[in-house]
Amino acid sequence: RGRLRPRRRRHPRRAQLPALRVRPPRPARAHPAADEGDRPGRRLRARHGRRHPARALVAALHHAQPRVRRQARRAHGRTGAEVTVGRMSYNTQVTEVEDQTMENTMKGILKPHMFCLTIPQVEGGADIVATVRWSQKLHYDNGRFTVDIPFRFPYYVNPLPKVFMKREKIQLTVNSGFSKEVLLQGTSHSLKEKARQGDKLSFLHEAVVENWSNKDFTFSYSVYSGDLSGGIHVQPSISQDYDDRDTFSIFILPGSGNRKVFKKAVVFVVDTSGSMKGKPLENVKNAVSTALSELVQGDYFNIITFNEELHSFSSCLEKVNEKAIASANDWMNANFVAEGGTDIMHPLNEAMALLSSAHDALPQIFLMTDGSVDDEHDICQTVKNELLSRGSKSPRISTFGLGLYCNHYFLRMVASIGKGHFDAALETGSIESRILKWFRKASNTIVANISIDATGHLNDFEVDSEYIPDISTQCPLCISGKYQGKFPETVVATGYLADMTEISIELKVQHITDMPLDNIFAAQQIALLTAKAWLSADKQLERKVIKLSIENSVLSEYTSMVVLQTNLDAAQKQVKQKPKGRTGANEPLRFQLHGLKLGFGDKAATRENLLTAFGDEKPLEMLKIFKKAGGCCSRVADCLCCMCCIKACNRMNDQCAILLAQVCAALSCLGCYECCAEVCCGGSES
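Calculation criteria
Residues numbered from 1 in each chain as written. Predicted model: local features only at pLDDT ≥ 70, side-chain atom pairs only at ≥ 80, totals over all residues. Heavy atoms only, no water. Helix = DSSP H or I, 4+ residues; strand = E, 2+ residues; numbered from the N terminus. Expected span 1.5 Å × (residues − 1). Contact = heavy atoms within 4.5 Å. Polar contact = N/O pair within 3.5 Å; in protein donor to acceptor, adjacent residues only side chain to side chain. Core = buried A, V, L, I, M, F, W, Y, C linked by side-chain atoms within 4.5 Å. Buried < 20%, exposed > 50% of the residue type's maximum accessible area, 1.4 Å probe, protein only. Lys, Arg positive; Asp, Glu negative; His and termini not counted. Salt bridge = Lys/Arg side-chain N within 4 Å of Asp/Glu carboxyl O. Pairing = 2+ DSSP bridges. Right-handed = clockwise from strand over helix to strand, strands pointing away.

## What about helix H10 (residues 539–552)?
Okay, so step 1: When the terminal C-alpha atoms of H10 are compared, their 20 Å separation across 14 residues agrees well with the 20 Å that a helix rising 1.5 Å per residue should span.
Okay, so step 2: Here the buried face of H10 lies against strand E2 (88–96), helix H8 (517–520), helix H9 (522–536) and strand E29 (559–567).
Okay, so step 3: Regarding H10, its N-cap is Asp538, as a side-chain oxygen of that residue lies 2.9 Å from the backbone nitrogen of Gln540 further along.

Printed below as a string of structure tokens:
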């Protein structure tokens, strides 16, 4: 220790730790209390003599076996947002609605297609790390599944190329759930396939770019299926709070075979009350006209409009031909006039009476409305009675809601009882496209009256929807539910084709462990359970929705979303100083985030015939410099924005920078001189 040894030059980025000799680790002594067969509580005993702290740390890391608490699978699929700005952290949380008068509010927009969150007090130069998790449905078209992820960044978020290196990375994992070959159909960004194992694929995109991506990320694939095929996924329940039964999902693909579509007898029931005035009714008329043009020879149709009165295109079902379609378009131009109130029961009964004579076609009703009425419970009971009395010949009732004044859960319940489809448009610009997609999904039926024989093998078998819908060429059948018991290896689904012959589809049961089925179907289950709770006024169902919503972080009508603001420095100090067993006084600040809740309709607005309410909210305001600038100043601000100035200064040489600094200093001096003259000599006459 007394000798002087020459110091070695160390790498500047290498950790400044003394050199350690690597020795085989000595076996740690087991605690006497540990079992001989299992040693869960193994701990180290300190040895006599001095050891270097770094060596002790290495030995402890080698021998220690920390206990790892297994987290629930659903924790990985929770939706929400986490944003860290400097030393402040913001994260969303779904909680039960308790305090409606929360003082702290934060600007934000939560809609099915958009999420905006305002983060206050962002200091210059602070790092912003944002993590957003959400779930969305795959698009299905002609046997192709497509996912569309927002990946478009505005130009003003691009950092300077000489200072920051921009690297974008996309990791994509595909778990199709089918035991068949998965075919890649297309992608917006170049992807490299990293692994393929059965129905699971993983891709990677990583590149250094000059500018962030200006297009969304899209990926499409298909599953080879020559004919109707499907399967059943089952998974043990991991929740003991709201339902301890196991989860199942049944899916059936329509396949690429040319199955014959059912002949259909279609009745369009359109709301023409005063609240539909303007763009909503015009878009509905255009969509109905397009739907009529897609009907084929052998189909039947009729059109009913309703407000306080009822008007129909014909007294009976009309055969589809060019003359009849042209007459229907002329009739719509003359009779689609928005006026009067709303009455749904009368036109719905009239449509069901018209379809009672359709014996050689599949009867279908397409109801479109923007209002809420008082007899909604009676309408649901009438539809259920009609289904029970007519059996397999009962009309399929599909419902479509426009805006926020209609009761979306009433419309969803009617569609669930009537074996139809439900959809809604919350923006005026999407009315026509969504109606056409909804119509094509419901009208192209290839298998009807489906039943599953699993009930004979299980103690309990409950489907989330009221009835199993038909199979359409435009979308795969996918239902979920709960069960108790043990599924057999295969289950048979039966139904009827367009020529009324019976078909059997063998479904193989797969036990899934790497897909959180509860989380995948959480939004669908919450919507259906909310509709059931509304219809039955069952408080237990409401509590079930609340627990399901909080556990999966999916907003419902009985919960709210808050933003928790945490100071990371204060939180770390609190963890170090707080004794065990006490709760900290500095709890995170809670901000109420006013999101979009559909509600259960607005009967008062419907009675007063207020114009259809849509959530056509624009994103939050831009920077104040652009908002306040107007006219000539606006054009100057566009040319002299902060990013343009930074880019221009970045390209200047030293002489130009010095000259610009001198000019700015001279102008500043002139400004100070003028200010002093105004203050000192402002009161004198000379």
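## What to know about the nonpolar core
Okay, so step 1: Counting residues in each nonpolar core, the largest one holds 33 residues, and the members touching the most others are Phe268, Val284, Leu292, Phe301, Ile303 and Met368.
Okay, so step 2: Residue assignment for this core shows that the elements contributing at least two residues are strand E16 (264–271), helix H2 (279–293), strand E17 (300–306), helix H3 (322–335), strand E20 (362–369), strand E21 (396–402) and helix H7 (431–443).
Okay, so step 3: For Phe301, the residues in contact, after removing those within four places along its chain, are Val266, Leu292, Leu295, Phe313, Leu317, Glu318, Lys319, Val320, Ala324, Ile325 and Ala328.
Okay, so step 4: Among the nonpolar cores identified, the runner-up in size contains 31 residues, and Ile344, Ile365, Ile379 and Trp534 belong to it.

## Side note on the side chain of Lys419
Okay, so step 1: In this structure, Lys419 sits in strand E22 (residues 419–425).
Okay, so step 2: For the buried Lys419, which has no salt bridge, the nearest side chain bearing the opposite charge is Asp470, at an N-O separation of 5.7 Å.
Okay, so step 3: Excluding residues within four positions of it along the chain, Lys419 makes contact with Arg396, Asn449, Tyr467, Ile468 and Pro469.

## Some words on the pattern of salt bridges
Okay, so step 1: A complete count under the given rule lists 17 salt bridges for this structure.
Okay, so step 2: For Asp470, the salt bridge is made with Arg396, and the minimal N-O distance between the two is 2.9 Å. Placement of the pair is Asp470 in the loop between strand E24 (458–463) and strand E25 (471–472) and Arg396 in strand E21, with a sequence separation of 74 residues. When sorted by exposure, Asp470 lands in the same class as Arg396, which is buried.
Okay, so step 3: Three or more residues are tied together by salt bridges with common partners; here these are Arg245, Asp460 and Glu462.

## Section: the pairing of E20
Okay, so step 1: Of all the eight residues making up E20, eight are buried; the element is thus mostly covered by neighbouring parts of the structure.
Okay, so step 2: Both faces of E20 are covered, namely the face carrying Leu362, Gln364, Phe366 and Met368 and the face carrying Pro363, Ile365, Leu367 and Thr369.
Okay, so step 3: Note that E16 and E20 share seven bridges and pair parallel. Across the sheet, Phe268 pairs through a bridge with Phe366, a residue of E20.
Okay, so step 4: You can see the chain leave E20, run along helix H5 (residues 376–390) and come back into E21, and the turn it takes is right-handed.

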